[in-house]
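Understanding the architecture of this molecule
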Amino acid sequence: MESTIDIFQEYLDTPDTDYAILITGTWGCGKTYFWKNKLAPIIEKNKKTIYISLYGIASLDDIAVKILSQLLYESDNNCLYSVMKLGASFAEKIGLKNTGKAVTDSGLVKLNNYFICFDDLERTNLEIKDVLGYINHYVEHENVKCCIISDEKKATKLEGYNEIKEKTIGKTVLFTPNAKEAVETIIKSYSYDGDAHKFLLEQKEIIISTFINSKSENVRTLKRGIQNIVNIHSAVNESLLKTPKNLRAQIVQGILAYTIEYMINGGNEEVLSDLETIAKCATPYALPELIFPKEEDTYIKKFCDKYMLTSSLTAFSPFSILEYITKGYINKDQVIADIESLLPKSDPEKEQIYILMNDVWRLEPEEFDEIINEVFEKVNRGEYESPGLYRKLYGRFLWFSLEGLVKIELSKIDKIFINGITMANENGRLVFKTYDDYPEVESNIQEIRDKIVSYRKHIRDLEDRSKEREMSETAKGLLTAAKEGSEKFFDVFDNKDEYSPMKPFLTFVDAHNLFEILINSWDAHALIGFKDILYRRYHPSNIEESLYVEAAFLRELQDCIVNNKREYKNRFQKWAFAKLEKMLKSVVLHLETSGKKTEAITVGQS
């Protein structure tokens with residue numbers, strides 16, 4: 001940056017020059033910012049500056065009008081300045097055709113007292129040779145100092161650029177942002193927000209190193225990344241304060257890296273998919289094979305080489321933060337939960353598993369063996385209650401075995417984990433609603449992935465059997481309550497926690513036993529109440545597909561009513577059963593029809 005300033009100072013100090021200086025650099029690297037905040041203040045010690053953006057310029061006279069409007073802005077002729085600001089087309093309509101060129105050519109204004117900066121050369125709508133020829137008139141014939149700002153890689157693709165460049169441009173300066181200065185400048189802009197500013201200052205070094213490692217040189221992406229850091233900080237400030245310093249750096253690095261990569265590669269669906277893989281796996285719980293993949297020329301490999309091998313960090317921000325960057329919405333509760341899941345556990349058992357998932361390669365071999373043996377024994381005895389934890393530990397042990405870190409055959413791991421979770425389920429220890437805060441262990445080794453898929457199926461089978469057992473007990477409870485009377489039955493049926501409308505527990509109720517209780521013990525008032533609760537359960541606006549299987553029970557109950565009309569106690573009970581029968585007929589038809597439609601859709605999709 002200092003050498004660039006020296007080049008411009010030398011250019012200013014040379015009396016007669018017939019060329020312009022080109023400042024080139026990638027899009028978003030801060031070329032325009034550098035001109036306005038660094039170069040222009042230095043130049044204005046000797047000459048006044050004029051800044052012209054060529055973006056969208058449609059005619060050469062538009063350029064002259066833009067120049068003249070800035071000259072007139074400094075004069076007292078506000079009326080003419082306003083006309084010029086409206087552009088060449090408007091000036092021409094009111095009879096001021098070629099006014100800009102006429103005034104500048106007249107000598108009334110000494111342009112060599114000015115330094116003109118032409119920005120966005122590659123984005124003009126004009127022929128590039130015409131624009132450079134126009135600028136050349138100023139530098140060669142009017143002795144005006146000029147600089148051009150452009151991404152030359154794009155400009156060289158425009159027809160005529162290379163042929164006329166040497167006639168107009170005498171020196172080319174490649175601008176690359178100073179990462180430290182850029183970060184410090186952006187952080188300074190947040191000084192109005194004390195908490196955010198303090199946090200950014202604390203994280204300054206990791207922000208600088210992450211930006212350098214990204215190799216993007218795009219200050220716009222840096223600004224967006226820092227803004228995302230501030231937004232996340234504002235949303236979950238208290239949770240961040242609880243985290244260790246190295247973990248906060250991990251989160252900040254992830255936010256900035258995700259932002260830069262998304263802004264550069266956001267249109268590439270494969271890259272977005274890989275970023276999601278990284279966000280889900282590149283956490284303290286990821287297998288080393290994913291954190292440091294061996295395959296060359298993959299996006300994940302390049303990402304890890306840029307952001308992980310060059311830093312002391314071994315993890316990244318969780319998936320919920322990537323979702324915010326790509327979708328723009330902060331799921332505050334999920335981000336907090338994800339951050340807290342990265343914290344070391346205070347519970348001894350949880351801490352043991354945390355170490356096994358996170359810091360295992362930092363353990364001494366004796367410590368590793370002790371934890372492995374203890375956890376393996378707990379699995380064998382079915383002592384854990386979370387199905388998700390069994391699944392995650394299973395994936396971990398498979399990898400340990402394949403890598404030779406434990407001397408346990410894969411077949412033995414399979415047997416222990418299947419028997420352990422099955423035993424936990426049979427003993428009533430397994431709780432399928434349990435949430436554990438350990439992220440999924442992913443793997444790119446096909447053998448591990450296939451085994452985990454198979455183990456997940458075993459867990460689903462256990463869950464299905466558990467649900468069936470639970471609903472069978474529910475059905476028994478309902479029949480017992482029905483025998484005690486309608487009031488007790490309704491109380492039990494309305495227990496939403498145990499008898500969820502989504503659970504098809506009536507499938508396990510014996511329709512004949514229930515009918516015998518209804519006809520012998522319930523009066524008309526109770527039967528109408530029973531009809532009403534069934535109507536609410538199967539109302540078209542509430543019905544769930546999971547309840548379609550209850551059609552068989554309802555049809556069986558309907559048949560019981562039709563086939564046993566002889567033994568009604570009185571005409572009121574007969575009337576109530578007739579109402580119940582009519583409702584059941586309608587509901588059964590609806591359930592069976594809806595079920596067939598669902599089956600047809602499923603078959604069609606398959």
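Cut-off values and rules
- Residues numbered from 1 in each chain as written.
- Predicted model: local features only at pLDDT ≥ 70, side-chain atom pairs only at ≥ 80, totals over all residues.
- Heavy atoms only, no water.
- Helix = DSSP H or I, 4+ residues; strand = E, 2+ residues; numbered from the N terminus.
- Buried < 20%, exposed > 50% of the residue type's maximum accessible area, 1.4 Å probe, protein only.
- Contact = heavy atoms within 4.5 Å.
- Areas by Shrake-Rupley, 256 points an atom, 1.4 Å probe, with all protein chains shown as cover.
- Polar contact = N/O pair within 3.5 Å; in protein donor to acceptor, adjacent residues only side chain to side chain.
- Phe/Tyr/Trp six-rings, centres within 6.5 Å; stacked < 30°, edge-to-face > 60°.
- Lys NZ or Arg CZ within 6 Å of the ring centre and 35° of its normal.
- Salt bridge = Lys/Arg side-chain N within 4 Å of Asp/Glu carboxyl O.
- Pairing = 2+ DSSP bridges.
- Right-handed = clockwise from strand over helix to strand, strands pointing away.
- Core = buried A, V, L, I, M, F, W, Y, C linked by side-chain atoms within 4.5 Å.
- Patch = residues over 30% accessible without salt bridge, like charges linked within 9 Å, V, L, I, M, F, W, Y side chains within 5 Å.
- Lys, Arg positive; Asp, Glu negative; His and termini not counted.
- Charge placed at Lys NZ, Arg CZ, Asp CG, Glu CD.
- pLDDT = per-residue confidence, 0-100.
- Axes fitted to C-alpha atoms, helices over the stretch in contact; angles between N-to-C directions.
- Left-handed = near helix turned anticlockwise from the far one by under 90°.
- Nonpolar A, V, L, I, M, F, W, Y, C, P; charged D, E, K, R; others polar.
- Parallel < 35°, antiparallel > 145°, perpendicular 65-115°, else oblique.

Turning our eyes to something else, we now look at the overall build of the protein chain. The helix and strand inventory of the protein chain stands at 30 helices and five strands. Here the protein chain, with 606 residues, has 49% of them falling under the buried criterion. Within the protein chain, counting contacts between residues at least 6 apart in sequence, those at least 24 apart form 75% of the total. Accessible area of the protein chain: about 31,200 Å², with a carbon and sulfur share of 49%.

The next point concerns helix α27 (residues 511–521). A511, L514, F515, I517, L518 and I519 are the residues of α27 that are buried. Here α27 starts with a cap whose side-chain oxygen sits 2.9 Å from the backbone nitrogen of H512, and that cap is D510.

It is worth spelling out the packing of aromatic side chains at this point. The tally for this structure, following the rule as stated, stands at 27 aromatic pairs. A ring pair is formed by F376 and F397, whose centres lie 5.1 Å apart and whose planes are at 20 degrees; its orientation type is stacked. With a gap of 21 residues between them, F376 in helix α22 (residues 365–380) and F397 in helix α23 (residues 387–402) connect regions that are remote in the sequence. Here the aromatic rings of F515 and F577 are separated by 5.6 Å at their centres, their planes lie at 55 degrees, and the arrangement is tilted. Separated by 62 residues along the polypeptide, F515 in helix α27 and F577 in helix α30 (residues 571–605) bring together distant segments of the chain. An aromatic cluster of three or more residues is present, and its members are F368, F376, Y394, F397, W399, F400, F417 and Y455. Here the basic side chain of K36 rests over the ring of Y51, its NZ or CZ set 4.6 Å away from the ring centre. Between R123 and the ring centre of Y55, over which it is positioned, the NZ or CZ distance is 3.9 Å.

The next thing to look at is the pattern of salt bridges. For side chains bearing opposite charge, pairing can occur when the charged atoms are close. Applying the stated criterion to the full structure yields 20 salt bridges. In this structure, the salt-bridge partner of K129 is D130, at a minimum N-O distance of 3.6 Å. Residue D414 pairs with K451 through a salt bridge whose shortest N-O separation is 2.9 Å. Of this pair, D414 sits in helix α24 (residues 410–426) while K451 is found in helix α25 (residues 446–484), placing the two residues 37 residues apart along the sequence. On the accessibility criterion, D414 (17% relative accessible area) is buried.

With that out of the way, let us pick up the pairing of strand β3 (residues 114–119). The buried fraction of β3 is high, at six of six residues. Here β3 shows two buried faces, one formed by Y114, I116 and F118 and the other by F115, C117 and D119. Relative to β3, strand β2 (residues 48–53) is paired through six bridges, and the arrangement is parallel. If you follow I50 over to β3, its bridge partner there is I116. When β3 meets strand β4 (residues 145–150), the two strands line up parallel, connected through four bridges. Note that in β4 the partner of F118 across the bridge is I148. In the classification by handedness, the crossover that spans β3, the intervening helix α7 (residues 128–141) and the parallel β4 is right-handed.

This paragraph deals with the nonpolar core. Grouped together as the largest cluster of nonpolar side chains are 51 residues, with contacts concentrated most on I207, L222 and Y258. Top contributing element to this core by residue count: helix α15 (residues 245–265), with nine residues. Residues I517, F530, A576 and M583 belong to the second largest nonpolar core, which totals 46 residues.

All right, on to a negative patch on the surface then. Taken together, the side chains of E364, E366, E367, D369 and E370 make up a negatively charged region of the molecular surface. You can see E364 is positioned in the loop between α21 (348–357) and α22.

For the rest of this paragraph, the subject is the confidence of the model for the protein chain. Model confidence for the protein chain is summarised by a mean pLDDT of 81, while 82% of its residues fall at 70 or above. For residues 75–91, every residue scores under 50 in pLDDT, and the model assigns this stretch 26 contacts once sequence neighbours within four places are set aside. Note on residues 598–606: pLDDT under 50 across the span, and two contacts to partners over four residues away in sequence or across chains.

Here we take up the side chain of S216. Mapping S216 onto the fold places it in the loop between α12 (204–214) and α13 (219–235). Apart from the residues within four sequence positions on either side, S216 is in contact with T26, F211, T221, I260 and I264.

Following both chains from N to C, one finds α12 and α15 inclined at 35 degrees, their axes separated by 10 Å at the closest point. Between α12 and α15 lies a crossing whose hand is right-handed. Counting all contacts with α12, which are made through I206, I207, T210, F211 and S214, the residues of α15 involved are A249, V252, Q253, L256, A257 and I260. Of the residues in the contact of α12 with α15, the class split is eight nonpolar, three polar and no charged.

Another point: the sheet that holds β2. With parallel pairing, five strands are arranged side by side in an open sheet as β2-β3-β4-β1-β5. Pairing within the sheet leaves two strands with one partner each, and these edge strands are β2 and β5 (169–174). With direction set aside, neighbouring strand axes in the sheet form an average angle of 20 degrees. Against the sheet, α7 contacts β1 (20–24), β3 and β4, and its axis sits at roughly 155 degrees relative to β4.

Another aspect to go through is the packing of α22 against α23. Helix-helix packing is described using two parameters, namely the angle between the two axes and the distance between the axes. Between α22 and α23, whose axes approach to 12 Å, the crossing angle comes to 135 degrees. In terms of their interaxial angle, α22 and α23 are classed as oblique. The hand of the α22/α23 crossing is left-handed. Touching F368, I372, V375, F376 and V379 of α22 are Y390, L393, F397 and F400, all from α23. Tallied by class, residues from the contact of α22 with α23 come to nine nonpolar, no polar and no charged.

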